[in-house]
Amino acid sequence: INTIIDKSGRGLNGTKVNDASIYDAAEGAIDFTTGAASYTFTESTFGEVSIWFRAKFKTGAAIDNGDILLVDEGGSDFLKVQSNVGGSEEIRWKVHGDNKKFHPMHNGAEAAIVADTKYNFVFERNASGVFKAQMSNGTSSLTECTKIAAGDLTVDDVFTVDKFKGGNGMLFYELLIFNNVITGDDATYLDEYLKSENG
């Protein structure tokens, strides 16, 4: 897949940077085979934002700090999933030099992200600048992730991104970005939509 089409009508299509990603027809997903695989798009900034991913890690693929999902190339902003790094499972969101860290959650308890399991990852920042991460898999509803740095969860700067990397050894099914927080029934419906559309 050389181009990822932006369905919002804003024309923020992703353009393939190299040949390191392929389309896995059996999975119906983009296979990010290396940490170099990526798509660039017009640089975008977000204040209030809700970012939804549907993805899974392949068997034999290390889940580590190379698993960057979104990044501001040449800047400091990024989103990434990293597990079993220094013995601590972690999801990180960095905005203007400030790290927001979360432990992954499953069915109400902290748990490592495992291979061959499809997850929905949700990253949100509300209008007051408060950050939140949530996740679910095929057998769980959305669960808010435990905040690691509880005293450092607001920042006024916008989140800037221009590259989608998908993660090293990750199968990626869908990415949705909204410029507002998704709550209540809408969040439940969106979680179920991603599960039903992508198995």
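Because the structure is a prediction, the values reported are computed rather than measured.

S.K.: Would you mind showing me how to read the overall build of the protein here?
M.R.: Of regular secondary structure, the protein possesses one helix and 18 strands. Within the protein, buried positions represent 49% of all 199 residues. Put simply, of all contacts in the protein between residues at least 6 apart along the chain, 64% involve residues at least 24 apart. As displayed, the protein has an accessible area near 8900 Å², and 46% of this comes from carbon and sulfur atoms.

S.K.: Honestly, the packing of aromatic side chains in this entry has me stumped. Any pointers?
M.R.: Both the distance between ring centres and the angle between the ring planes are used here to describe each pair of aromatic rings. On inspection of all chains with the given rule, the structure shows 11 aromatic pairs. Ring centres 5.3 Å apart and planes at 75° place the aromatic pair Phe32 and Phe164 in the edge-to-face group. Of the two residues, Phe32 is situated in strand β4 (residues 29–32) and Phe164 in strand β17 (residues 159–164); the sequence distance between them amounts to 132 residues. The pair formed by Phe32 and Phe164 is uniform in burial state, with each residue classed as buried. Consider the rings of Trp93 and Phe131, whose centres lie 4.7 Å apart with planes at 85°: the pair is edge-to-face. Note that Trp93 is positioned in strand β9 (residues 88–95) and Phe131 in strand β14 (residues 131–137), a separation of 38 residues in sequence. These aromatic residues form a ring-pair network of at least three members: Phe32, Tyr39, Phe53, Trp93, Phe123, Phe131, Phe159, Phe164 and Phe172. The ring centre of Phe131 lies 5.4 Å from the NZ or CZ of Lys100, which sits over that ring.

S.K.: Looking at this structure, how should I read the pairing of β14?
M.R.: The two faces of the sheet receive side chains in turn, since in a regular strand these alternate between them. The element β14 is extensively covered by neighbouring structure, given that six of its seven residues are classed as buried. Bridge analysis of strand β13 (residues 119–125) against β14 gives seven bridges, and the strand direction is antiparallel. Looking at β14, one finds that Asn120 is bridged to Ser136. Between β13 and β14, which follow one another and run antiparallel, lie five residues, and Gly129 among them has a positive phi close to 90°. Relative to strand β15 (residues 143–144), β14 runs antiparallel, the two sharing two bridges. Note that in β15 the partner of Gln134 across the bridge is Glu144. Where β14 hands over to β15, the hairpin turn is made up of five residues, counted between the paired strands.

S.K.: I'm lost on the nonpolar core in this one. Help?
M.R.: Grouped burial of nonpolar side chains is what soluble globular proteins tend to show. Formed by 34 residues in total, the largest nonpolar core has its most connected members in Ile51, Phe53, Leu79, Trp93, Ile113, Phe121 and Phe123. Take this core: its biggest share by element is five residues, from strand β6 (residues 49–57). Listed in part, the eight residues of the second largest apolar core include Leu142, Ile182, Ala187 and Leu194.

S.K.: How do you make sense of the sheet that holds β14 when you look at a structure like this?
M.R.: Note on sheets: strands pair through backbone hydrogen bonds, and any given pair is parallel or antiparallel. The antiparallel open sheet is built from seven strands, whose spatial order is β3-β4-β18-β6-β13-β14-β15. Only two strands of the sheet have a single neighbouring strand rather than two, namely β3 (21–24) and β15. The pairing of β3 with β4 spans four bridges and is antiparallel. Bridging across to β4, Tyr23 finds its partner in Ile30.

Each value, and the rule that gives it
- Residues numbered from 1 in each chain as written.
- Predicted model: local features only at pLDDT ≥ 70, side-chain atom pairs only at ≥ 80, totals over all residues.
- Heavy atoms only, no water.
- Helix = DSSP H or I, 4+ residues; strand = E, 2+ residues; numbered from the N terminus.
- Buried < 20%, exposed > 50% of the residue type's maximum accessible area, 1.4 Å probe, protein only.
- Contact = heavy atoms within 4.5 Å.
- Areas by Shrake-Rupley, 256 points an atom, 1.4 Å probe, with all protein chains shown as cover.
- Phe/Tyr/Trp six-rings, centres within 6.5 Å; stacked < 30°, edge-to-face > 60°.
- Lys NZ or Arg CZ within 6 Å of the ring centre and 35° of its normal.
- Pairing = 2+ DSSP bridges.
- Core = buried A, V, L, I, M, F, W, Y, C linked by side-chain atoms within 4.5 Å.

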